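Given next are the chains, with one letter for each unit.
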Amino acid sequence: QQQVKQSPQSLIVQKGGISIINCAYENTAFDYFPWYQQFPGKGPALLIAIRPDVSEKKEGRFTISFNKSAKQFSLHIMDSQPGDSATYFCAASSGGTSYDKVIFGPGTSLSVIP
Amino acid sequence: ETGVTQSPTHLIKTRGQQVTLRCSSQSGHNTVSWYQQALGQGPQFIFQYYREEENGRGNFPPRFSGLQFPNYSSELNVNALELDDSALYLCASSSGLLVGGYTFGSGTRLTVV
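Everything in this summary refers to the structure shown in the same document. (Residues numbered from 1 in each chain as written. Chains lettered and ligands numbered in written order. Predicted model: local features only at pLDDT ≥ 70, side-chain atom pairs only at ≥ 80, totals over all residues. Heavy atoms only, no water.)

**Some details on the side chain of Gln6(B)**
Residue and element names in this part refer to chain B. We apply this condition: Secondary structure elements are taken from DSSP: a helix is a run of H or I of four residues or more, a strand is a run of E of two residues or more, and numbering for both begins at the N terminus. Burial classification: accessible surface area is computed with a 1.4 Å probe over protein chains only, and a residue below 20% of its type maximum counts as buried, one above 50% as exposed, and the rest as partly exposed. Under this definition, polar contacts are N or O atom pairs within 3.5 Å; protein pairs additionally need one hydrogen-donor-capable and one acceptor-capable atom, and for neighbouring residues in sequence, both atoms have to be side-chain atoms. In what follows, residue pairs with any heavy atoms lying within 4.5 Å of each other are defined as contacts.
By the element assignment, Gln6 lies in strand S1 (residues 5–7). Taking the relative accessible area as the measure of exposure, Gln6 reaches 8% and is therefore buried. For Gln6, the side chain forms a polar contact with the main-chain nitrogen of Cys91, separated by 2.9 Å. Polar side-chain contacts of Gln6 include one of 3.0 Å to the backbone nitrogen of Gly107. Filtering out sequence-adjacent residues up to four positions away, Gln6 remains in contact with Arg22, Cys23, Trp34, Tyr89, Leu90, Cys91, Gly105, Ser106, Gly107 and Thr108.

Here you go:
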């Protein structure tokens, strides 16, 4: 039932480098694409989100790029810091349904090394 | 600090037993969803409650059930526990049927032996 695919499974980046995580979805009814950050022992926290009517959204060091025709979206973390080390989940949801079921990708474990 | 509190934080149960997990949401958050997160995987949607009524369910059997109360608290009940039920159970709440506007709790780690 994996409707959201995510890669890579794990990622190691040098401090100051760019971290890139890619996701793809199948259901064209999805119209909201959030990214969540999860630290060990904590629940996921909303990081940034995008709707398919825009191709890019930037918040600080975090940027989402969205390609509606390819049904793909990605997260770029600029100037990666050790504090960014966490598991990142892309997700998708269709707000037009009667309930808000968020489908998560399998996650990417990011390690930023000094 | 998250406004969603879950209890207990850890729990060990025996196969076949029943378990109740609890969640306390922020005041005004009338929508709550429960997710199951197996180790190394993304959260899987179990069900959602809106104003004390179930209004959406994922691919989980009926032995997973829930309740939502007027005081913004909720419960997840699992009967006839199986080994595969071992996971982190997450509660997420929002102030309405707003897509993605969820606050997650830190979860309950359930181990079934």
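**Comments concerning the sheet that holds S1(B)**
Residue and element names in this part refer to chain B. Basically, it comes down to this: By the convention used here, strands pair only if DSSP detects at least 2 bridges between them. Here an angle of 0 to 180 degrees is reported between the N-to-C directions of two axes, which are lines fitted to C-alpha atoms, with helices fitted over the stretch in contact.
Spatial ordering of the open sheet is given by S1-S3-S8-S7, a layout of 4 strands whose pairing is antiparallel. Each edge of the sheet is formed by a strand with only one pairing partner; in this case those strands are S1 and strand S7 (64–68). Within the sheet, the average angular offset between the axes of one strand and its neighbour, ignoring direction, is 20 degrees.

Remember that the coordinates give geometry; whether it matters functionally is a separate question.
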